[in-house]
Amino acid sequence: MELLPDLWKEDYWLPPGVTWRDMEQMGDSNRPRPLDLLIALPLALGFVALRYMFERFVAPPMARCLGVKNRFQVTAAPSPNLESFYIQNRREPTQSEMEGLMLSCRKTQRQIETWFKRRRSQDKASKTKKFGEAAWRFFFYLTAFVAGLSCLVDVIQVFYKKNHLYICPPQPMERAHYWYYMLELGFYGSLLLRISVDVKRKDFKEQVVHHLATIFLLSFSYCANYIRIGTLVMLLHDSSDILLEPAKMFNYGAGWGRSCDTLFVMFAVIFLVTRLVIFPSKIIHTTLVLSMEVFEPFAGYYFFNILLMVLQGLHIFWAKLILRMVYKFLKGKLEKDERSDEESEVEEEEEDKEENKDPGVDCYWEKSKDSLNSKLSMLTNSCVLNNLANHRSSLVDRMRKAQ
């Protein structure tokens, strides 16, 4: 119990010279209170339910309109031993393990390797699932960006003139800013609740770090009354996300390559400008440098800026992936998202080849044997015809000599 009073010490949350009494003088409707954050929990559950309804009833018709089709998959044949090994390890067996599986299952190494590829392919998310996730995020980001922009137009104008004032509490909180904060917190909370069932991409760990850093950043900035700078950070991030998600949606569809490329180029430009230029030069520069003109550093100052630096590190990580995609795009080799599923592209190509011509090792050998037999038959027929022709010519020569 003694930890709670220490947790809310003014030295941790507020700049020197600012007390909780200064915050209380603004009135209940104009000041943020830590207990307000509890509303983010039911909002997160509400977003999970709303997303379920959206992906089930709204996303499928949209997917059909854009021509989204799932690729055909050859299912792995039932094998209890292989299935048990796959569930426990989720990886390719080593050579020693392969020999044990060959003995227990009475299969060749090639058959077992093919089984594992098909089994992993079954666990991969379908295009319709990926489309549903992208459509849901686009719906939220678009709504949040429009709502945030409408209530922050005046804030943006004042920020560019006197941005050092936006880090100094106490600051009166408008009702629109309150709901903007709560909706963003609820949304990122729902992403964490659903992260175990969502499509896992190569940057899965970075996404988890991003969601946690965002939630801590929003929670701290709300309690410490850094409302204005916090709302600007959210708006800046949503500005590029509203172009990334529709680019994914068109990428999953058929015949929308040009639309996907256009949206991707627009997203790349806005992302690089907002995350690598505006965010560090305006937001971080204000909180890290200009704020020291107003108050001395304190515990909350370091915590807040560390979280911002974590976000900036993630921006640099994703910028590298985007620049790599831009490079491939300029070379005409952009075929998929750099953040795609964990399955490698080489393995996907091998699976496609197997699905088209190699439904099984035995079947493939039968095809090869039939092809070999047909070629031998053609060769044999050719030899017979040549013998008949030679025999006929010799008979003609004998008849001429007899005459």
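Going by the structure above, here's the rest.
Conventions and cut-offs
- Residues numbered from 1 in each chain as written.
- Predicted model: local features only at pLDDT ≥ 70, side-chain atom pairs only at ≥ 80, totals over all residues.
- Heavy atoms only, no water.
- Helix = DSSP H or I, 4+ residues; strand = E, 2+ residues; numbered from the N terminus.
- Buried < 20%, exposed > 50% of the residue type's maximum accessible area, 1.4 Å probe, protein only.
- Contact = heavy atoms within 4.5 Å.
- Areas by Shrake-Rupley, 256 points an atom, 1.4 Å probe, with all protein chains shown as cover.
- Expected span 1.5 Å × (residues − 1).
- Salt bridge = Lys/Arg side-chain N within 4 Å of Asp/Glu carboxyl O.
- Axes fitted to C-alpha atoms, helices over the stretch in contact; angles between N-to-C directions.
- Parallel < 35°, antiparallel > 145°, perpendicular 65-115°, else oblique.
- Left-handed = near helix turned anticlockwise from the far one by under 90°.
- Nonpolar A, V, L, I, M, F, W, Y, C, P; charged D, E, K, R; others polar.
- Core = buried A, V, L, I, M, F, W, Y, C linked by side-chain atoms within 4.5 Å.
- Phe/Tyr/Trp six-rings, centres within 6.5 Å; stacked < 30°, edge-to-face > 60°.
- Lys NZ or Arg CZ within 6 Å of the ring centre and 35° of its normal.

(A) Summary view of the overall build of the chain. Assigned secondary structure in the chain consists of 15 helices and 0 strands. Sorting the 403 residues of the chain into buried and exposed places 41% on the buried side. A fraction of 80% describes how many contacts in the chain between residues 6 or more apart in sequence connect residues 24 or more apart. Counting every atom, the chain has about 23000 Å² of accessible surface; 62% of that belongs to carbon and sulfur.

(B) Seen up close, helix α13 (residues 299–330). Taking 1.5 Å of rise per residue, 32 residues should cover 46 Å, and α13 covers 46 Å from first to last C-alpha, within 8% of that figure. Just beyond α13, the residue with positive phi is G332, at close to 75°.

(C) A look at the pattern of salt bridges. On inspection of all chains with the given rule, the structure shows 10 salt bridges. Put simply, D36 and R33 hold a salt bridge, and the shortest N to O gap is 3.8 Å. Judged by its relative accessible area of 14%, D36 is buried. We note a salt bridge from R194 to E55, for which the minimum N-O separation is 3.5 Å. Taken as a pair, R194 in the loop between α9 (175–193) and α10 (204–223) and E55 in helix α4 (residues 40–65) lie far apart in primary sequence, 139 residues in all. With relative accessibility at 15%, the residue R194 sits in the buried group. When salt bridges that share partners are traced, they join R51, E55, K129, E133, R194 and D198 into one network.

(D) Spatial organisation of the packing of α9 against α10. Look at α9 against α10: their axes get within 10 Å of each other, and the N-to-C directions meet at 155°. In this view, α9 runs roughly antiparallel relative to α10, as classed from their interaxial angle. Two packed elements cross with a definite hand, and for α9 against α10 that hand is left-handed. Between α9 and α10, the contacting residues are Y178, Y181, M182, E184, L185, Y188, G189, L191 and L192 on the first element and H210, H211, L212, T214, I215, L218, S219, S221 and Y222 on the second. The residue inventory of the contact of α9 with α10, partitioned by class, reads 11 nonpolar, 6 polar and 1 charged.

(E) Here's a closer look at the environment of V199. In this fold, V199 is placed in the loop between α9 and α10. Each C-alpha atom, one on V199 and one on S126, is 9.3 Å from the other, the two residues being 73 residues apart in sequence.

(F) Representation of unusual backbone geometry within the structure. Unusually for a residue other than glycine, R106 sits at a positive phi of about 60°. Tracing the chain through its elements places R106 in the loop between α6 (95–105) and α7 (109–123). The backbone of N225 shows a phi angle near 70°, a positive value even though the residue is not glycine. In this structure, N225 sits in the loop between α10 and α11 (227–252). The class for N225 is buried, based on a relative accessible area of 0%.

(G) Broad picture of the environment of A144. Examined against the element boundaries, A144 turns out to sit in helix α8 (residues 127–161). Of the residues examined, A144 reaches a relative accessible area of 8% and is grouped as buried. Through-space distance from the C-alpha of A144 to that of L235 is 8.1 Å; in sequence the pair is 91 residues apart. If we ignore the near neighbours within four places in the chain, the residues touching A144 are Y180, E184 and D238.

(H) Structural view of the nonpolar core. In this structure, F131, F187, Y222, F279, I283 and L308 are the most contacted members of the largest nonpolar core, which totals 74 residues. Residue assignment for this core shows that the elements contributing at least two residues are α4, α8, α9, α10, α11, α12 (257–288) and α13. No other element matches α11, which puts 13 residues into this core. Within the second largest apolar cluster, 10 residues are counted, among which are A76, L82, C105 and I112.

(I) Expanded view of the packing of aromatic side chains. Counted according to the given criterion, the structure contains 26 aromatic pairs. Consider the rings of F140 and Y141, whose centres lie 6.0 Å apart with planes at 65°: the pair is edge-to-face. Across the pair, exposure class does not vary: F140 and Y141 are buried alike. Grouped by ring-pair contacts, the aromatic residues F47, F54, W136, F139, F140, Y141, F187 and Y188 constitute a single cluster. When the ring centre of Y178 is taken as origin, the NZ or CZ atom of R175, which lies over that ring, is 4.4 Å away. When the ring centre of F204 is taken as reference, the NZ or CZ atom of K200 above it lies at 5.2 Å.

(J) Quick look at the environment of F116. By the secondary structure assignment, F116 is in helix α7. For F116, a relative accessible area of 0% gives the class buried. Sequence separation of F116 and Y86 is 30 residues, and the distance between their C-alpha atoms is 7.7 Å.

In short, shape yes, function no, at least from these values alone.
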